[in-house]
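Results of the structural survey
The chain contents come next:
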Amino acid sequence: MLSSYYTVKRPARHTIVIQKSRFIAAVTRAENEQDAQSFINEIKKENHGANHNCSAYMIGEQDHIQKANDDGEPSGTAGVPMLEVLKKRSLKDTVVVVTRYFGGIKLGAGGLIRAYGSAVTEGLNAAGIVRCDLMEMMKVTIDYTWLGKIENELRTAAYEIKNIDYLGKVEMTVYVPEAQKRTFTEWITNLTGGQGQIEENGTTYLERDIGTNNG
């Protein structure tokens, strides 16, 4: 599993108008190629009267699935520029469809490349970008007498607490970077004088909002 990667925060639609043509970018996540194709077909169905529904997507940890489709635009003027924007932003598991309603003015090859690239860029900005960091969920079980101190120490140390369960004892689930598991365990053990119980509780990706720009 990757230690971190970038993807879109949420589904989004964004429209730009260039020389009277409307370019509507639809963006979402896709965990596999089937999801990507389903989304593309959904957008095509919604915009069946459009001149073009061009698409691009990148799937997989190593970007092993990369597809681009010009959907009737001159070869290389739509799908590939769209895919290049996804690559430049280092986005994974992301699919985008740009629907074009022709406004009567031809843009030429260069104009189309710029238009489709701009549509994707603005669509991604509307969706927002997140960095997904691989985390171990560490469960810390302590007596109630330790609650105030441990919770304060965790927040001061900038660890993110997933949840706190108030049972017979307090059970706190904390997101800990994979590389810090041992350090975290030793730290909690020292803080509680060995009275805290620490368990690994599975891995997950923690999403951090980085706005619209990931480099």
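Residues numbered from 1 in each chain as written. Predicted model: local features only at pLDDT ≥ 70, side-chain atom pairs only at ≥ 80, totals over all residues. Heavy atoms only, no water.

Bringing the packing of helix α2 (residues 79-88) against helix α3 (residues 108-127) into the picture now. Between α2 and α3, the shortest axis-to-axis distance is 8 Å and the interhelical angle comes to 40 degrees. One element, α2, and the other, α3, form an angle in the oblique class. Of the two elements, α2 crosses α3, and the hand of that crossing is right-handed. Along the contact surface, α2 presents Pro81, Met82, Val85 and Leu86, while α3 presents Ile113, Tyr116, Gly117, Val120, Thr121 and Leu124. Its residues assigned to classes, the contact of α2 with α3 shows eight nonpolar, two polar and no charged. (Axes fitted to C-alpha atoms, helices over the stretch in contact; angles between N-to-C directions. Helix = DSSP H or I, 4+ residues; strand = E, 2+ residues; numbered from the N terminus. Parallel < 35°, antiparallel > 145°, perpendicular 65-115°, else oblique. Left-handed = near helix turned anticlockwise from the far one by under 90°. Contact = heavy atoms within 4.5 Å. Nonpolar A, V, L, I, M, F, W, Y, C, P; charged D, E, K, R; others polar.)

Our next topic: the side chain of Thr192. Mapped onto the fold, Thr192 is located in the loop between α5 (181-191) and β10 (197-209). By relative accessible area, Thr192 is classed as buried at 0%. With residues up to four places along the chain from it excluded, the contact list for Thr192 reads Ile142, Trp146 and Ile150. (Buried < 20%, exposed > 50% of the residue type's maximum accessible area, 1.4 Å probe, protein only.)

To continue, consider the packing of aromatic side chains. Evaluated as defined, the whole model comprises five aromatic pairs. Taking 5.1 Å as the distance between ring centres and 75 degrees as the angle between the ring planes, the aromatic pair formed by Tyr159 and Phe184 counts as edge-to-face. Placement of the pair is Tyr159 in the loop between α4 (147-156) and β8 (160-166) and Phe184 in helix α5, with a sequence separation of 25 residues. In this pair, the class of Tyr159 matches that of Phe184, namely buried. The interplanar angle of 55 degrees and the centroid separation of 6.2 Å between the aromatic rings of Phe184 and Trp187 together place this pair among those described as tilted. With Phe184 and Trp187 both in helix α5, this residue pair falls three residues apart, about one helical turn. A connected cluster of aromatic rings, assembled from ring pairs, spans Tyr159, Phe184 and Trp187. The ring of Tyr101 has Arg22 lying over it, and the distance from NZ or CZ to the ring centre is 4.6 Å. (Phe/Tyr/Trp six-rings, centres within 6.5 Å; stacked < 30°, edge-to-face > 60°. Lys NZ or Arg CZ within 6 Å of the ring centre and 35° of its normal.)

On their own, these measurements won't tell you what the molecule is for.
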